[in-house]
Amino acid sequence: MEAKEKTIPDFLTGGGEMGALIRSLDWSKTTVGNPDAWPQSLRLAVRIMLDCPFGMYIAWGKEYIQLYNDGYRPILGTTKHPQALGNCSRNTFQEAWATIGPMFDAVMQGTPVGFPDFILHLDRNGFLEECVFDFSYSPIRLEDGEVGGVLVTVIETTEKVKTAKALKENLTDISLVKAAIQKSEENLRNTILQAPVAMCIFKGPHFIVDLANDRMFELWGKPASEVMHKPIFEGLPEAKDQGFEAILDGVYTTGKTFTADGIPVTLPRNGVIELVYVNFVYEPYREADGTISGIMAVAIDVTSQITASKIIEKNEHRFRYVLEQSPDPIVILKGENLVLEIANEPLFKLWGVDKGAVGKTFLEILPEMKEQGFFDMMQDVYFNDKIIKGIETPALFNRADGTKETLYFNFTYQPYREEDGKISGVLVIASDVTRQVEVKKQIEESEQRFRMLSETIPHMIWTATPDGKKNFFNKYFLDYTGLSFEDLKGDGWQSIIFPADLKIELQKWHNTLQSGEDFNMEKRVRHHDGTYRWHLTHGIAQKNEQGNIIGWIGSGTEIEGHKKFAQELEEKVKLRTNELHIQNETFKQAEESSKQGSYSFNLTTGKLAYSDNLFRLIGYEPGEFEPTLEEFNKHVHPEDRDYVTKAAEKVVASKTSDEWNYRMNTKSGEVINIKGTGRVIESGGEKLLVGTLQDITSDVKAAEELKEKNRALEVTNAELNSFSYIASHDLKEPLRKIQAFSKRIIEIENFSEKTQDYFNRIISAGQRMQNLIDSLLDFARANTTELIFVPCDLNTIVEEAKNELNLSILEKQAVIEADNLPTINGNQIQLSQLFTNLLDNAIKYSRPGINPHIKITSSIIEGKTIEHPSVNNQKGYYAIDIADNGIGFEKEYSQKIFELFQRLHGKNQYSGTGIGLSIAQKIATNHNGFLLAKGKPNIGSTFTIYIPTE
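Described below are features of the structure shown in this document. Each residue is numbered by its place in its chain's sequence as written, counting from 1. Given that this is a predicted model, residues contribute local features only at a pLDDT of at least 70 and side-chain atom pairs are listed and counted only at 80 or more, while totals for whole chains, interfaces and linings are drawn from all residues. Each side-chain value is derived from all of the structure's non-hydrogen atoms; neither hydrogens nor water enter the calculation.

Moving on, we get to the packing of aromatic side chains. Think of a pair of aromatic rings as described by two things: how far the centres are apart, and how the planes are tilted against each other in angle. When the centres of two rings from Phe, Tyr and Trp lie within 6.5 Å, Trp using its six-membered ring, the rings pair. Their planes under 30 degrees apart give stacked, over 60 give edge-to-face, and anything left gives tilted. Counted according to the given criterion, the structure contains 34 aromatic pairs. Centroid distance Trp27 to Trp38: 5.9 Å. Interplanar angle 75 degrees. Geometry classified as edge-to-face. Here Trp38 lies in the loop between helix H1 (16-24) and helix H2 (40-51) and Trp27 lies in the loop between H1 and H2, a separation of 11 residues in the sequence. With respect to class, Trp27 is no different from Trp38; both count as buried. Relative to Tyr282, the ring of Phe280 has its centre 4.6 Å away and its plane inclined at 40 degrees; by these criteria the two rings are tilted. Taken together, Tyr57, Tyr64, Tyr68, Tyr72, Trp97, Phe104, Phe118, Phe135 and Tyr137 form an aromatic cluster joined through their ring pairs. It is Lys470 that lies over the ring of Trp493; its NZ or CZ is 3.8 Å from the centre. Strands are runs of DSSP state E lasting at least two residues, helices are runs of H or I lasting at least four, and both sets are numbered from the N terminus onward. Accessibility here uses a 1.4 Å probe with only protein chains present; expressed as a share of the type maximum, an area under 20% marks a residue as buried, one over 50% as exposed, and anything in between as partly exposed. Comment: the charge-over-ring label is applied if NZ (Lys) or CZ (Arg) is within 6 Å of the ring centre and within 35 degrees of the ring normal.

Here it is, written out as structure tokens:
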């Protein structure tokens, strides 16, 4: 059979060298696509471009793919042609894209762009040169009104501009300039006169015919003598009042190019006025200085094409017959209101109307289509001569029974024309593809879910043909095995199965293919590291609506860890069982040793359970009776039953834990004291009241004994208070008299030296006795005084202590320095006594010959950093240091010095009662704090008061 000769579309014929080059390229490999599928607007633009004698250029699509004619080729130069053909404009004009790119983008939005004598720097001959052009960018619109590309008309004016510039600057001989201008104009005239399409130049605002070629005269139907050098509508009055005056005025005044396709115009032909259809372009004609002096027109007679379409329309009755026979909905809607004129039966059925709808408007029949945009699309077709197509487009119908139904269609809306070519309506051809869309969506959704799932889950997913040949493996499968799809497809997967397992699997797989039942098997699969690991494989058949197997899908899950885990779990269960046994025994021992038992009361079923030791608490052997609520209440002391019932009901209602004390009767009749606890938990969908019962009989007895001891202590305290009163009044008064009379006797009597020594000793002993009584009273008050805490400024308290010790400070010339101390909550009197005692102690135990120097500082530290049994690790503490340079003490006495009546030195060395530091420690304790001391002999001592910050 002979090879069929490749046909060339009509619009690609001619065009000289560039036409041949365009036809030779494989456009199907570009984003423009195969020329047979090019839209009508692109075809027309290419036809005009190839026939045009001056430079024209098309940039198509979002990538601005380039097509151009012979007249444009010199503009590209040797470095850009022929590589530019079929290439992206951005790549071709990289050096100028920052300038022209935004212009292209503006045209793609529907805005024409044009400039005279526009300067661009282009690399077109191996170097960057300054070039000047007159150009216009016009949008090429698709049938739906969207812009598909850019049509560029361009004339290089580089030499003209250079000549004009030279003239202006008087840089060349004027005759040479004139000659250059004349040569440029002659070239343009020759180009127009020799053009294969109709071309002319109109000059001035009256559009005087300045130049036209023979093809233009043929189109006008007039000889040159009747139109040359005359206004066009004077030489061609037949074209007047057909709208061309306004178009020419618009181009002349705005400088914007005007393009039109298939425009009807009446012109004289052989003495008779005929209707002619023309595609034409009006381009502003500019002088060297950029001013518009006229219009350049290019026209193509397309009457034969339009006439052919008219002949087709004359056969409308045939179309109507076909319309009636079509299984797809077809309708003709007439006029701007889209009145139903003719439709076939599938259309009436689709719309849910009968033939009575003929004569009604589209929106009267289907008002819901207004909001869905279908009416606007039809209007666009009618008024703007467009063809609009839809693929799988949804439409919502309001049915007569009140329901709503969404259907999907492939449709075409195209103008319906009368014999004269005038659009009189819209032809709608639709195909209901609802079922296909639904099936397609289901398939797509299913495939998408499958792909997404298979590529994300950590399982080996595979599919197979009906005869069992594997034809898909997911990414995890490939990664796991380290093999490619080519390695695994068909029977290649068998290479990764452990040999001993493969024979079993092949037999099972054969049986599954015969029966259509599910496939399940545990087997070992080779990992990419060469090791075999256990997998669980599962496969199921995929069936169509008729129940026939159309494929298989399966998964493989590694269970190596599960296998090992099962073995380990078995060992752990044994170990845990043993541990639980030990724990149970330990729990029983704990219950017995603490005299405690536990219970569980199911609030849902009413079932009560005791632990073994709960039986023993009330004198029974474990399991001696069936635990019930009634049996429990029998053992509760009659006077406490109501209290226990209400307490338990409160716990159940509030769902909180609580504890309560009551009495129970044992089997032997003994009354024991019980502390019960309870709280509500949920387990297995049931509510349980669980808790413990503890025998606290011994604790209750101990509490009673403690109360008795407290009462005895209160009596003792009362006696101590009486003693304090006696010590304060009855004992101190005789001491004062003994001291006073002894001093008086020494003053008035002349005794021997030995007798005076006796009296001095009496006075000194009395003073010591008085000091001891005062200290004992202070210590007693530190224990019994009711404390009222208020904010206390320690700076003020230190000053009060210094005033109290003023004589001692002056006597020993002591220096007391204090930093800015904090304000703390405390008892003003006791804190004053605390600082007085500590400062007095520091002054008293100074070293001989060295003046006391005492430094008081403070800081805040965390409790957890302090080593003391009374410290609270969760609190912060004020740490107030009182450091001196006195006699100090050995480390082993750091605690002993706070004991009552403890003295480290004889009474003759240092005076004192041995109670002052005990009082200071007691006051610190009263403030929830404590007192620590450290010292070094003959170096000094530091006493630190710790008081909580809160």
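Attention now goes to the sheet that holds strand E22 (residues 608-610). Strand order in this open sheet of 5 strands is E22-E21-E25-E24-E23, and the pairing throughout is antiparallel. At either end of the open sheet lies a strand with only one pairing partner, and these are E22 and strand E23 (658-665). Averaged over all pairs of adjacent strands, the angle between strand axes in this sheet comes to 25 degrees, irrespective of strand direction. A pair of strands is labelled paired if DSSP reports no fewer than 2 bridges between them. Strand direction decides the pairing type here: strand E24 (residues 671-683) and strand E25 (residues 686-695), joined by 8 bridges, are antiparallel. Looking across to E25, one finds that Ile681 is bridged to Leu688. Against the sheet, helix H24 (residues 641-654) makes contact with E23, E24 and E25, and its axis sits at roughly 155 degrees relative to E23, the strand it touches most. Throughout, an axis means a line fitted to C-alpha atoms (over the contacting stretch in the case of helices), and angles, computed between N-to-C directions, take values from 0 to 180 degrees. Any two residues having at least one pair of non-hydrogen atoms within 4.5 Å are treated as being in contact.

The next thing to look at is the environment of Val265. Relative to the elements of secondary structure, Val265 occurs in strand E8 (residues 258-269). Note on Val265: relative accessible area 5%, which makes it buried. Setting aside residues no more than four positions away along its own chain, Val265 makes contact with Gln242, Phe244, Glu274, Leu275, Val276 and Val278.

Right, let's talk about the environment of Ala933 for a bit. Mapped onto the fold, Ala933 is located in strand E31 (residues 930-936). Taking C-alpha positions, Ala933 is 9.7 Å from Ala883, a pair spaced 50 residues apart along the chain. Beyond its immediate chain neighbours, meaning those up to four positions away, Ala933 contacts Phe889, Ser894, Ile897, Phe898, Thr942 and Phe943.

Excluding glycine, most residues fall at negative phi; most peptide bonds, likewise, are trans. The peptide bond linking His81 to Pro82 adopts the cis configuration, its omega dihedral lying at 5 degrees. Despite not being glycine, Leu338 shows a phi value in the positive range, around 60 degrees. The exposure class assigned to Leu338 is buried, which follows from its relative accessible area of 0%.

Let's shift gears to empty space enclosed by the protein. In the cavity and pocket records, a cavity denotes points on a 1 Å grid over the protein atoms alone where a 1.4 Å probe fits but cannot get out, a pocket denotes an open set with protein on both sides within 12 Å along at least 5 of 7 lines, and lining residues are residues with an atom within 4 Å of a point. Grid points are joined across faces, edges and corners, and a volume is the space filled by probe spheres set on the points. Evaluated as defined, the whole model comprises 4 cavities of 30 Å³ or more. In this structure, the largest cavity occupies an estimated 250 Å³ of space. Lining the largest cavity are 19 residues, with Leu219, Trp220, Leu236, Phe244 and Tyr282 positioned closest to its centre. As a working rule, the residues Ala, Val, Leu, Ile, Met, Phe, Trp, Tyr, Cys and Pro are called nonpolar, Asp, Glu, Lys and Arg charged, and the rest polar, with Gly in that last group. Split into classes, the residues belonging to the lining of the largest cavity amount to 19 nonpolar, no polar and no charged. Its volume calculated, the second largest cavity comes out at about 190 Å³. Trp351, Phe409, Tyr413, Val428 and Ala430 are, among the 18 residues lining the second largest cavity, the residues nearest its centre.

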